[in-house]
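Breakdown of the fold
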Amino acid sequence: MEFTTFLFYLFAAVMLFSALRVITARNPVHAVLFLVLAFFNAAGLWLLLQAEFLAIALIMVYVGAVMVLFLFVVMMLDINIERLRHGFWSHLPLGATIGVIMVVEMTTVLTGRYFSLGNFPAHVVPAGESNTKALARILFTDYVYPFELASVILLVAIIAAVMLTLRQRKDTKGLRPSDQVAVKRSDRLRIVAMASESETPVTESKGGAPL
């Protein structure tokens, strides 16, 4: 067995184990840490495929930014684990069915029988050109429509997340920019006339000390 093959099986085994622990860990902090481990092993697989840009981007963007943000949010929130796990087994049949469907679809795509992946032309990186440049050229030429479709889906997801967080709640306060712009000085400032205070004269005793 070659050393690269051994590394592939090692990274793949650790990534599958960490991905399984993400959904089975009882502590949410441990789940986030296992997800970080899964991303590191996925980056190792990208390095084995000579896709250094994707590996570094995965570590910098997801591990260095997104997962650190998740970790801080999970550690700062007071999460009731028992409440989250309430009714977990009642949704298990539906989740298992969706998982089986996803496994069947991924197996179909990877075997290439449905999409005829074996007929796709192989993209070879020319000499003296980085894989980052080759990836950008392929992404914006051959796969420009899937790229635009993915961007539209992500935009819809962002808008949906913003709308879900902007629900009308009684315990939050908001500002209206139009009211802030139309405010006048008399609405915020009031001059009050106050009488000046007079100083009380200090009397001295016979010994010279103030009373």
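Model, not experiment: these values are computed from the prediction.

Turning our attention to the overall build of the chain. The secondary structure content of the chain amounts to nine helices and zero strands. Expressed as a percentage of the 211 residues in the chain, the buried residues total 11%. Sequence-distant contacts, at least 24 apart, represent 48% of the contacts inside the chain between residues at least 6 apart. A total accessible area of about 18700 Å² is found for the chain, and carbon and sulfur atoms account for 68% of it.

This part covers the UniProt feature "transmembrane region" (unreviewed entry) in the chain. Per the UniProt record, "transmembrane region" (unreviewed entry) is annotated on residues 6–24, 31–49, 55–77, 89–110 and 143–166. Overall, residues 6–24 shows 100% helix and 0% strand. The separation of its end C-alpha atoms is 27 Å. Its end C-alpha atoms 27 Å apart, residues 31–49 is made of 95% helix and 0% strand.

What follows deals with the environment of Met 75. Structurally, Met 75 can be placed in helix H3 (residues 52–76). The sequence separation of Met 75 and Pro 28 amounts to 47 residues, and the corresponding C-alpha distance is 8.5 Å.

Here we come to the packing of aromatic side chains. Under the counting rule described, the total for this entry stands at five aromatic pairs. Judged by centre distance (5.4 Å) and plane angle (50°), the ring pair of Phe 39 and Tyr 62 falls under tilted. Taken as a pair, Phe 39 in helix H2 (residues 28–48) and Tyr 62 in helix H3 lie far apart in primary sequence, 23 residues in all. A residue is classified by how much of its surface remains accessible, and Phe 39, at 19% relative accessible area, is buried. Relative accessible area serves as the criterion here: at 41%, Tyr 62 is assigned to the partly exposed category. Between the aromatic rings of Phe 140 and Phe 147, the centroid separation amounts to 4.9 Å while the plane-to-plane angle is 65°, which identifies the pairing as edge-to-face.

This part covers the confidence of the model for the chain. Looking at the chain as a whole, its pLDDT mean stands at 77, while 73% of the residues score no less than 70. For the chain, per-element mean pLDDT is lowest for helix H4 (residues 81–84), which scores 63, and highest for helix H1 (residues 3–24), which scores 88.

A separate point is the nonpolar core. In this structure, Val 32, Val 36, Phe 39, Ala 42, Ala 43, Ala 55, Leu 58, Val 63, Met 67 and Val 74 together form the largest nonpolar core, which totals ten residues. Of all the secondary-structure elements, those providing two or more residues to this core are H2 and H3. Sequence-distant contacts of Ala 42, defined by excluding residues within four places in its chain, comprise Met 15 and Leu 58.

Here the focus is H2. For H2, with 21 residues, the first-to-last C-alpha span of 31 Å sits near the 30 Å given by 1.5 Å per residue. When H2 is considered as a whole, its buried residues turn out to be Ala 31, Val 32, Val 36, Ala 38, Phe 39, Asn 41, Ala 42, Ala 43, Gly 44 and Leu 45.

Moving on, we come to the packing of H3 against helix H6 (residues 131–139). Here H3 crosses H6 at 90°, and the two axes come no closer than 8 Å. Taken together, the axis directions place H3 and H6 in an arrangement best described as roughly perpendicular. On H6, the residues that touch Glu 52, Phe 53 and Leu 54 of H3 are Asn 131, Thr 132 and Leu 135. Here the residues of the contact of H3 with H6 sort into three nonpolar, two polar and one charged.

How each quantity is defined
- Residues numbered from 1 in each chain as written.
- Predicted model: local features only at pLDDT ≥ 70, side-chain atom pairs only at ≥ 80, totals over all residues.
- Heavy atoms only, no water.
- Helix = DSSP H or I, 4+ residues; strand = E, 2+ residues; numbered from the N terminus.
- Buried < 20%, exposed > 50% of the residue type's maximum accessible area, 1.4 Å probe, protein only.
- Contact = heavy atoms within 4.5 Å.
- Areas by Shrake-Rupley, 256 points an atom, 1.4 Å probe, with all protein chains shown as cover.
- UniProt positions renumbered as here; feature names shortened; annotations may be inferred.
- Phe/Tyr/Trp six-rings, centres within 6.5 Å; stacked < 30°, edge-to-face > 60°.
- pLDDT = per-residue confidence, 0-100.
- Core = buried A, V, L, I, M, F, W, Y, C linked by side-chain atoms within 4.5 Å.
- Expected span 1.5 Å × (residues − 1).
- Axes fitted to C-alpha atoms, helices over the stretch in contact; angles between N-to-C directions.
- Parallel < 35°, antiparallel > 145°, perpendicular 65-115°, else oblique.
- Nonpolar A, V, L, I, M, F, W, Y, C, P; charged D, E, K, R; others polar.

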